[in-house]
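Single-letter residue listing:
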Amino acid sequence: MKIGIKAAHIFALCFVFAAQTGAASAADKLANIKSVGIISALGDCLNLRNVDRISSFFNAVSPECVPIQAWGIDEAITKQISEAVANRFAVKPIAYDPAAFYRLPWTPVPGTLVPVKSALQALTNPGVDAYIVVTKMAIANAVGDGNDTYVEGLGIGHQGSMFGDTNKMFAVYTIRIIDAHSYDTLETEGAHLPKTGLFPRVPIVDVDASMWSNSANDMTEAQKAAAKEKLTALVHESIGSTLHYMDLAP
């Protein structure tokens with residue numbers, strides 16, 4: 001594992017474990033939650049991040065967005081969470097505009113949560129006690145070694161160097177349980193994969209170079225199909241692991 005990635009992962013994991021330290025008090029708050037609505041705002045774009053390394057302190061970054069709402073990522077997340085929490089909460093359907101949550105401002109400070117209160121207040125509450133909300137999070141140094149590139153949400157990062165190319169797929173988000181009346185956050189967990197050692201892993205994985213496209217417009221149907229398959233599996237695995245650490249799934 002490269003140094004830049006280590007730094008990013010450690011920062012993100014600090015956020016994960018900081019959230020876990022409040023698990024007991026959060027569990028007490030959840031004792032009064034009987035019904036939930038689920039909002040997932042993650043699957044609008046496959047973000048392509050092409051990092052041209054100029055130095056250890058400056059990088060030229062060209063962001064590109066491949067529209068992927070048709071891939072059904074948010075619908076799959078909603079279904080997975082609904083099935084996971086059904087034995088604990090009554091899950092009620094929520095009518096919401098995903099674009100209102102896709103457009104929420106984010107900060108380059110890793111672990112910082114996007115503000116959702118206004119977007120939630122605009123909803124017609126169908127009589128739920130809390131919302132389970134999945135939104136994008138930002139993380140730095142996720143693409144290669146020694147760069148300061150921030151990535152958020154779902155995507156593929158590419159960095160070329162004289163030693164070879166780095167291609168990584170990422171799924172960077174948070175799951176929050178938010179009181180539907182006070183809008184207080186009752187529990188928060190940053191996305192991660194199951195442990196393979198002492199710590200959980202941030203959902204950033206190597207992908208084959210053939211999956212990378214320098215331009216969203218030039219991404220072929222074969223590349224999109226390969227990315228969809230890999231990304232769907234990565235999101236599904238990380239959602240399951242994250243729900244596990246929230247004590248919402250086995």
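Now for a quick tour of the structure. (Residues numbered from 1 in each chain as written. Predicted model: local features only at pLDDT ≥ 70, side-chain atom pairs only at ≥ 80, totals over all residues. Heavy atoms only, no water.)

So, unusual backbone geometry
Residues apart from glycine generally show negative phi values, whereas peptide bonds are mostly found in trans. In the Ramachandran plot, tyrosine 183 falls in the positive-phi region, its phi being about 65° despite a non-glycine side chain. Relative to the helices and strands, tyrosine 183 is located in the loop between strand S8 (164-179) and strand S9 (185-190). Phi is positive for aspartate 247, which is not a glycine, with a value near 60°. When you line up the elements, aspartate 247 lands in the segment after helix H6 (221-245). (Helix = DSSP H or I, 4+ residues; strand = E, 2+ residues; numbered from the N terminus.)

A closer look at the packing of helix H3 (residues 73-85) against H6
Two elements in contact, H3 and H6, have axes whose closest approach is 11 Å; the angle formed by their N-to-C orientations is 30°. The orientation of H3 relative to H6 falls into the category roughly parallel. For the crossing formed where H3 meets H6, the hand is right-handed. Only Thr232, Val235, His236, Ile239, Gly240 and Leu243 of H6 make contact with H3, whose side of the interface consists of Ile73, Ile77, Gln80, Ile81 and Ala84. (Axes fitted to C-alpha atoms, helices over the stretch in contact; angles between N-to-C directions. Parallel < 35°, antiparallel > 145°, perpendicular 65-115°, else oblique. Left-handed = near helix turned anticlockwise from the far one by under 90°. Contact = heavy atoms within 4.5 Å.)

Observations concerning the nonpolar core
Core analysis: the largest hydrophobic core is formed by 43 residues, its most contacted members being Leu46, Ile81, Ile156 and Met169. By residue number, the principal contributor to this core is H6, which donates six residues. When residues no more than four places from it in sequence are discounted, the contact partners of leucine 46 are Glu64, Cys65, Val66, Ile68, Trp71, Leu154, Gly155, Ile156, Met219, Ala227 and Leu231. The next biggest cluster of nonpolar side chains, apart from the first, holds 16 residues, and it includes Ala119, Leu123, Ile178 and Ala180. (Core = buried A, V, L, I, M, F, W, Y, C linked by side-chain atoms within 4.5 Å. Buried < 20%, exposed > 50% of the residue type's maximum accessible area, 1.4 Å probe, protein only.)

What to know about the packing of aromatic side chains
In this structure the tally under the stated criterion is one aromatic pair. Summarising the aromatic geometry, the rings of tyrosine 96 and phenylalanine 101 are spaced 5.9 Å apart at their centres and angled 90° between planes, so their arrangement reads as edge-to-face. For tyrosine 96, a relative accessible area of 21% gives the class partly exposed. Since its relative accessible area comes to 3%, phenylalanine 101 is described here as buried. (Phe/Tyr/Trp six-rings, centres within 6.5 Å; stacked < 30°, edge-to-face > 60°.)

Some thoughts on the pairing of strand S1 (residues 35-41)
Every other side chain in a regular strand lies on the same face of the sheet, so the side chains alternate between the two faces. Summarising burial for S1: seven of the seven residues are buried, a large majority. Burial along S1 is two-sided: the residues Ser35, Gly37, Ile39 and Ala41 and Val36, Ile38 and Ser40 are all buried. Sheet topology note: the S1/strand S4 (residues 90-92) ladder contains three bridges and is parallel. Residue pairing across strands places glycine 37 opposite lysine 92, the latter belonging to S4. Pairing of S1 with strand S5 (residues 130-136) involves six bridges; the strand directions are parallel. (Pairing = 2+ DSSP bridges.)

A look at the pairing of strand S7 (residues 150-161)
Among the twelve residues in S7, nine count as buried, and that is most of the element. Relative to S7, strand S6 (residues 138-140) runs antiparallel, the two being bridged by three bridges. Each residue of the ladder has a partner; that of isoleucine 139, found in S7, is valine 151. As judged from the nine bridges shared by S7 and S8, these two strands associate in the antiparallel manner. Bridging from a neighbouring strand, glycine 160 pairs with aspartate 165 of S8.

Points about H3
Between its terminal C-alpha atoms H3 stretches 18 Å, which fits the 18 Å expected from 13 residues at 1.5 Å a residue. If you check which residues of H3 are buried, you get Ile73, Asp74, Ile77, Gln80, Ile81, Ser82 and Val85. Against S1, S4, helix H4 (98-102), S5, S7 and H6 lie the buried residues of H3. (Expected span 1.5 Å × (residues − 1).)

Focus: the pattern of salt bridges
For the structure shown, the criterion picks out five salt bridges. A salt bridge links glutamate 152 to arginine 49, with the shortest nitrogen-to-oxygen separation between them at 3.0 Å. Separated by 103 residues along the polypeptide, glutamate 152 in strand S7 and arginine 49 in strand S2 (residues 45-53) bring together distant segments of the chain. What makes glutamate 152 buried here is its relative accessible area of 9%. With a closest N to O distance of 2.5 Å, lysine 168 and aspartate 206 form a salt bridge. Of the two residues, lysine 168 is situated in strand S8 and aspartate 206 in strand S10 (residues 204-206); the sequence distance between them amounts to 38 residues. (Salt bridge = Lys/Arg side-chain N within 4 Å of Asp/Glu carboxyl O.)

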